[in-house]
Amino acid sequence: MRRKSGEQGSAAVAFTLATVLLIFTIVTVYLFVAKIWWFPPAISQFGTQIDEQFHRTLIITGIVFVLAQLGLALAIFRSRERGQKVSFFEGNSAMELIWTLATIIMFVGLGLYGEHAWAEAHFQGAAPGALQLEVTGQQFAWNFRYAGPDGKFGATRPELVSASSGNPLGLDPRDATSKDDVVSPVAYVPAGQEVELLIRTQDVTHSFYVRELRLKQDAVPGMTIHMHFNATVPGQYELACAELCGLGHYRMRSFVNVVSPEEFDKWMRDQETALQQQ
Amino acid sequence: MNEENPSVETYIVVFVALLILAALTTGIAYINLGTLNTVVALAIAAVKMSLVGLFFMHLWYSRGLTRIVVLAGFFWLALMVLFTLADVFSRSWIKPPGP
Amino acid sequence: MFFIGGAAAVMMRLHLIEPAGALVQPETYNKLFTMHGVVMVFFFLIPSIPATLGNFLVPMMIGARDLAFPRLNLLSWYVYITGAAFTLYALISGGVDTGWTFYTPLSSHYLNTHVITTALGVFITGFSSILTGLNFIVTIHKMRAPGMTWKRMPLFLWSIYAASVIFVLATPVLAIALFLVGLERIFHVGIFDPAIGGDPVLFQHLFWFYSHPAVYIMILPGMGVVSELVTCFSKKKPFGYIFIAYSSLAIAVFSFLVWGHHLFVSSQSVYAGFISSALSFALAIPSAIKVFNWTATLYKGSISYQAPMLYALGFIGLFTMGGLTGLFLASLATGVHLHDTYFVIAHFHYIMVGGAVMAYLGGIHFWWPKITGRLYHDGWARFAALVIFVGFNLTFFPQYMLGYLGMPRRYAVYPAEFQVLDVMSSAGASHTRRRLLDSIRLSSLVHPLWTRSRIESLERERPGMGDAIAASHR
């Protein structure tokens with residue numbers, strides 16, 4: 001086996017190590033507590049719930065983290081090689097049982113508790129009368145579609161898709177319900193009103209991600225995925241693609257503008273007028 | 001490890017059976033059975049797989065640990081299929097409102 | 001291979017110093033992170049500990065002369081080289097940019113890079129993993145020396161055994177998934193194409209059925225190494241041997257049930273998401289038990305801080321961090337926000353680099369004299385261990401913050417508000433590498449006596465990085 005080293009350097013190293021661990025722990029805790037870099041503010045009920053869950057998890061894991069690191073530092077420092085006798089014990093089933101149970105209760109409890117926010121967003125559909133907004137991802141752009149006054153989305157045909165001629169979604173002109181569909185590269189949604197998203201994609205898997213809404217959902221080929229949110233704080237929020245979709249993935253962005261209901265109605269009227277003039 | 005080796009005749013019989021089943025699969029592909037198409041094809045495939053496993057891979061003749069290993073393999077396959085199907089089938093449980 | 005993967009990583013970090021991208025074209029950036037992922041995961045992390053330490057130690061620890069099938073073992077080495085050759089060919093001839101996950105339909109219909117060559121390389125290497133796993137399982141079952149009962153085996157063997165079970169059960173599924181991607185590309189059979197009745201999410205299911213357990217292939221042997229190191233250097237018996245051993249097996253079994261947590265936002269059914277979230281929390285338990293047991297083993301021991309022990313302690317510290325942040329991701333609600341952001345990247349680098357790589361380095365240092373008959377230089381090795389710990393944290397810690405700020409992964413260009421943290425992360429990355437190289441260079445100047453073993457040891461850790469590269473740096 002190995003010889004050498006022994007006692008002479010051991011105290012210094014143990015001290016350094018314990019200090020490094022302590023600093024590591026303190027800096028970690030400080031960075032999380034001081035919130036120098038923190039979440040962008042949440043703008044929906046769902047977002048707030050997620051933040052609360054994050055905080056809960058942070059506090060519990062924070063305590064576990066600090067205790068585990070301090071325990072380690074203590075063991076490192078106290079039990080350094082000083083020529084002392086090793087106190088010999090092989091295990092302790094009661095202790096094992098206690099910390100196993102404690103972890104189970106803590107982790108499982110935390111997990112189950114955290115499903116609330118999720119369940120509310122996913123187990124319930126959008127409220128009746130929610131504004132329907134179709135989002136379509138394609139390489140590498142987002143397009144939004146509003147059903148227009150008739151409240152119906154018109155048919156689309158993939159072979160008609162042509163961004164250059166102003167029909168990025170491939171609206172079928174023969175379908176009467178598609179005539180009044182408003183298509184826009186950026187979204188406007190009224191603040192304080194439920195919005196139902198219909199997420200689709202024309203080619204590969206994309207992911208609809210608005211940080212402030214804490215909302216992320218993949219757009220999967222062949223499926224229309226329903227999500228809903230209720231944004232309360234007006235502003236312009238960035239929409240990014242969060243699932244690698246090819247070369248232009250990083251520039252596949254758009255904006256979701258949360259505006260007051262009046263502004264939204266005005267914007268909508270403008271769009272419809274523009275549509276009729278064509 | 002006291003495996004008796006199957007005789008050559010067994011091998012030939014199994015081989016012929018496999019050929020017949022393969023022919024059956026091909027034949028049935030020309031007849032449209034509706035939803036039964038997949039079911040029948042998979043059933044025949046399962047029979048063929050069992051034949052290969054039991055005789056060519058000597059599972060019929062082995063005991064103990066070897067069988068446990070094989071069963072573990074099937075168990076994990078079942079897990080994979082189960083969880084994947086659990087996703088696919090439960091997707092439509094929540095009916096989204098709207099059009 | 002580690003060197004290639006590492007170089008790609010440093011290129012990426014340097015590139016991300018500037019918001020607009022400083023170094024390479026976005027196209028090249030996509031290829032870089034794909035290569036980094038593929039090379040690191042399939043060609044370094046998965047085979048690292050089993051193939052080097054495992055092959056050497058398993059027979060020795062159970063008192064056998066060799067593995068059960070020595071020729072199969074040799075074959076698996078050649079198979080590995082063949083697979084690596086394919087992947088390197090893909091890298092040289094233009095690269096691939098699907099991400100290491102090869103998600104369909106991006107990989108099957110939309111990209112014209114060398115997807116098939118790379119997938120073939122991974123496919124072939126998969127067989128190498130299966131053969132190795134098979135070999136270990138048979139050896140541990142059948143070739144233990146008389147009196148070496150299961151419960152007397154060193155803990156390293158338990159973890160290797162658990163990892164081998166995953167190797168054998170999971171790898172074929174990856175092979176099938178990649179094979180199907182190849183079929184899609186060439187024949188358009190439509191397994192993953194919704195236009196003719198396929199389902200793109202099916203690929204994600206198949207892929208993660210392998211790739212989640214694969215994470216545990218990487219970390220389990222690392223845990224085994226750490227168990228050995230901790231007991232040896234604190235001069236004690238492991239605290240709660242049975243619990244550590246069984247938690248390895250528990251991890252192996254549970255790891256197969258949680259892949260759904262990679263699919264929280266992939267339109268997976270909400271019920272399936274619910275179940276996989278709960279199971280993911282369950283999976284955190286055996287890992288936590290291990291950490292507690294290691295600390296208890298240290299307590300009241302007589303610890304000598306030689307280089308391998310430093311790595312082992314680093315492992316425990318970083319693994320705790322990585323494991324706990326995993327809880328944020330396992331929780332459905334927060335998982336949605338953090339999914340596919342830098343938080344995930346930081347999390348798995350804490351597990352993979354802070355865990356698996358630290359354990360690997362520690363293990364190599366620990367058994368180096370046994371393998372080669374020469375001792376590495378302990379002072380430099382300790383220094384390197386500390387530097388890696390610090391540099392690593394500097395690199396990946398800011399990425400947690402980037403993550404919950406909402407920076408998505410795989411972006412070649414990012415908004416300016418993220419710059420401070422990105423620069424910190426990049427500085428950490430180049431710092432780590434520079435120090436690593438410096439420590440080799442200095443040691444070769446000051447300590448001519450030990451250099452050979454030191455360089456050799458590093459040579460082994462990162463094949464291809466020897467004097468030439470150290471000299472060309474600066």
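Nothing here was measured: the structure is a model prediction, and the numbers come from that model.

Asker: When you look at the overall build of chain C in this model, what are you seeing that I'm missing?
Answerer: Looking only at helices and strands, chain C features 16 helices and 0 strands. Put simply, of all contacts in chain C between residues at least 6 apart along the chain, 82% involve residues at least 24 apart. Summing over all exposed atoms, chain C offers an accessible surface of approximately 14700 Å²; the carbon and sulfur share of this is 68%.

Asker: I tried to follow the sheet that holds strand 5 (residues 195-201) of chain A on my own but got confused; where do I start?
Answerer: Think of a sheet as strands paired side by side through backbone hydrogen bonds, with each pair either parallel or antiparallel. Residues and elements named next belong to chain A. With respect to topology, 5 strands assemble into an open sheet ordered 3-2-1-5-8, the strand pairing being mixed. Every other strand in the sheet has two partners, leaving strand 3 (182-184) and strand 8 (225-229) as the edge strands with one partner each. For this sheet, the mean angle separating the axes of adjacent strands, direction not counted, is 25°. When strand 2 (residues 141-146) meets strand 3, the two strands line up antiparallel, connected through 3 bridges. Note on strand 3: the bridge partner recorded for F144 is S184. Its contacts with the sheet place helix 4 (residues 261-277) against strand 1 (131-138), strand 2 and strand 3, and it is angled at close to 105° to strand 3.

Asker: What's the story with the packing of aromatic side chains in this structure? I'm lost.
Answerer: We describe a pair of aromatic rings using the distance from one ring centre to the other and the angle between the two ring planes. Counted under the stated rule, the structure contains 28 aromatic pairs over all chains. Between F83 of chain B and W259 of chain C, the aromatic rings sit 5.6 Å apart at their centres with planes inclined by 45°, giving tilted as the arrangement. Of this pair, F83 of chain B sits in helix 3 (residues 65-90) while W259 of chain C sits in the loop between helix 8 (241-254) and helix 9 (270-298), each in a different chain. A relative accessible area of 21% means that F83 of chain B is categorised as partly exposed.

Asker: In this structure, what is going on with the interface of chain B and chain C? I would like to understand it.
Answerer: Bring the parts together and some accessible area is lost; that lost area is often taken as the interface size. Residue-level contacts link 13 residues of chain B with 22 residues of chain C. For the pair chain B and chain C, the summed buried area comes to about 1500 Å², and 78% of that belongs to carbon and sulfur atoms. Along the contact surface separating chain B from chain C lie 0 salt bridges. Summed over the shared surface of chain B and chain C, the result is 0 residue pairs in polar contact (both at pLDDT 80 or more). Its residues assigned to classes, the side of chain B that touches chain C shows 8 nonpolar, 3 polar and 2 charged.

Asker: I tried to follow the side chain of H58 of chain B on my own but got confused; where do I start?
Answerer: Residue and element names in this part refer to chain B. Along the chain, H58 falls in the loop between helix 2 (36-56) and helix 3. For H58, a relative accessible area of 17% translates into the label buried. For H58, the side chain forms a polar contact with the side chain of Y11, separated by 3.0 Å.

Asker: Got a minute to help me understand the confidence of the model for chain A in this structure?
Answerer: Low-pLDDT portions of the prediction should not be read for the details of their coordinates. Residue and element names in this part refer to chain A. Mean pLDDT for chain A: 78, with 87% of residues reaching 70 or above. Taken element by element, the predicted model of chain A shows its lowest mean pLDDT in helix 1 (residues 10-34) (74) and its highest in strand 4 (residues 187-190) (88). Taken as a whole, residues 1-8 scores under 50 in pLDDT and shows 16 contacts with residues more than four places along the chain or in a different chain.

Asker: Quick question: what am I supposed to make of the pattern of salt bridges here?
Answerer: Pairing between side chains of opposite charge can happen when the charged atoms of each approach one another. Residue and element names in this part refer to chain A. What the rule picks out here adds up to 7 salt bridges over all chains. Between R211 and E212 there is a salt bridge; the shortest N-O distance is 3.9 Å. Between D270 and K266 there is a salt bridge whose closest N-O contact spans 3.6 Å. Of this pair, D270 and K266 both sit in helix 4, 4 residues apart, which is roughly one turn of the helix. Classification of D270 by relative accessible area gives partly exposed; the value is 41%.

Asker: Help me out: how do you make sense of the packing of helix 9 of chain C against helix 10 (residues 307-330) of chain C in this one?
Answerer: Any two packed helices are characterised by how steeply their axes cross, that is the angle between the axes, and by the distance between the axes. All names here are of chain C. It is at 10 Å that the axes of helix 9 and helix 10 come closest, and there the two elements cross at 155°. Here helix 9 lies roughly antiparallel to helix 10, going by the angle between them. Between helix 9 and helix 10 lies a crossing of left-handed hand. Of the residues in helix 10, those in contact with S277, S280, F281, A284, S287, V291, W294 and L298 of helix 9 are M309, L313, F315, I316, F319, T320, L327 and A330. Along the lines of polarity and charge, the residues of the contact of helix 9 with helix 10 split into 12 nonpolar, 4 polar and no charged.

Asker: Just checking my understanding: could you explain the confidence of the model for chain C for this structure?
Answerer: All names here are of chain C. Averaged over chain C, the pLDDT score is 74; the fraction of residues at 70 or greater is 77%. Considering each helix and strand of chain C separately, the mean pLDDT is smallest for helix 16 (residues 467-472), with a value of 30, and largest for helix 8, with 88. Throughout residues 5-22 the model reports pLDDT below 50, and contacts reaching past four residues in sequence, or to other chains, amount to 50 contacts. Across residues 433-474 the pLDDT falls below 50, and counting only partners more than four positions away or on other chains, this stretch makes 64 contacts in the model. ipTM for the predicted complex: 0.78, alongside a pTM of 0.80.

Asker: Just checking my understanding: could you explain the nonpolar core for this structure?
Answerer: Considering soluble globular proteins, one finds that nonpolar side chains tend to be buried as a cluster. By size, the foremost hydrophobic cluster in this structure holds 204 residues, and its most contacted members are F208 of chain A together with F42 and F315 of chain C. Counting residues per element, this core draws most heavily on helix 7 (residues 200-234) of chain C, at 19 residues. Not counting residues up to four positions away in its chain, the partners in contact with F42 of chain C are G37, P47, W100, V122, T125, L174 and Y210 of chain C. Counting residues in each nonpolar core, the second largest holds 7 residues, with V14, L18, I44 and Y61 of chain B among its members.

Asker: Looking at this model, I keep getting lost on unusual backbone geometry. Mind explaining?
Answerer: Note: most residues except glycine have negative phi, and most peptide bonds are trans. Residues and elements named next belong to chain A. A cis geometry characterises the amide bond from Q139 onward to F140, with omega recorded as -10°. Along the chain, F140 turns up in the loop between strand 1 and strand 2. Look at R214: it is not a glycine, yet its phi comes out positive at around 55°. The topology assignment puts R214 in the loop between strand 6 (206-210) and strand 7 (215-219). The exposure class of R214 is buried, given its relative accessible area of 0%.

Asker: I would appreciate a short explanation of the sheet that holds strand 7 of chain A in the present structure.
Answerer: Residue and element names in this part refer to chain A. The strand order 4-10-9-6-7 describes an open sheet built from 5 strands, whose pairing is mixed. With partners counted over all chains shown, the strands left at the sheet margins are strand 4 and strand 7, one partner each. Across the sheet, the mean angle from the axis of one strand to that of its neighbour is 25°, orientation sign disregarded.

Asker: Sorry, what's going on with the environment of G170 of chain A here?
Answerer: Counting through the fold element by element, G170 of chain A comes out in the loop between strand 2 and strand 3. Residue contacts for G170 of chain A: discarding those within four places in its chain leaves A155, T156, R157, L160 and V161 of chain A.

Parameters at a glance
Within each chain, residue numbers correspond to sequence positions counted from 1 in written order. Note on labels: chains are lettered from A, ligands numbered from 1, in written order. At least 70 in pLDDT is required for a residue's local features to be given in this predicted model, at least 80 for side-chain atom pairs to be given and counted, and no such filter applies to totals for whole chains, interfaces and linings, which use all residues. For the side-chain quantities, the full set of heavy atoms in the structure was used; hydrogens and water were omitted. Helix and strand definitions here come from DSSP, where helices need a minimum of 4 consecutive H or I residues and strands a minimum of 2 consecutive E residues; each element is numbered from the N-terminal end. What makes two residues a contact is simply this: any of their non-hydrogen atoms within 4.5 Å. Using a 1.4 Å probe, accessible areas were evaluated by the Shrake-Rupley method; residue-level cover was limited to the displayed protein chains. For two strands to count as paired, DSSP must find a minimum of two bridges between them. Axis definition: a line fit to C-alpha positions, over the contact stretch in the case of helices; interaxial angles, taken between N-to-C directions, run 0 to 180 degrees. For this analysis, a ring pair means two rings from Phe, Tyr or Trp (six-membered ring only for Trp) whose centres lie within 6.5 Å, classed as stacked if their planes differ by under 30 degrees, edge-to-face if by over 60, and tilted for the remaining angles. Exposure classes here rest on a 1.4 Å probe applied to the protein chains alone. A residue is buried below 20% of its type maximum, exposed above 50%, and partly exposed in between. Buried area counts how much accessible surface, traced with a 1.4 Å probe, disappears from two parts once they are put together, with both parts' losses summed. One side-chain nitrogen of Lys or Arg within 4 Å of one carboxyl oxygen of Asp or Glu is enough to make a salt bridge. Each polar contact in these results corresponds to two N or O atoms within 3.5 Å; when the atoms are within protein, one needs to be able to donate a hydrogen and the other to accept it, and residues that are neighboring in sequence are counted only if both atoms are side-chain atoms. Three classes are used, and their members are as follows: Ala, Val, Leu, Ile, Met, Phe, Trp, Tyr, Cys and Pro are nonpolar, Asp, Glu, Lys and Arg are charged, and the others, Gly among them, are polar. Residue-level confidence of the predictor is summarised by pLDDT, bounded by 0 at the bottom and 100 at the top. We call two directions roughly parallel when the angle between them is under 35 degrees, roughly antiparallel when it is over 145, roughly perpendicular when it lies between 65 and 115, and oblique otherwise. Put simply, a crossing is left-handed when the front helix is turned counterclockwise from the back one by less than a right angle, and right-handed when it is turned clockwise. For this analysis, a nonpolar core means a set of buried residues of the types Ala, Val, Leu, Ile, Met, Phe, Trp, Tyr and Cys, connected via side-chain atoms within 4.5 Å.

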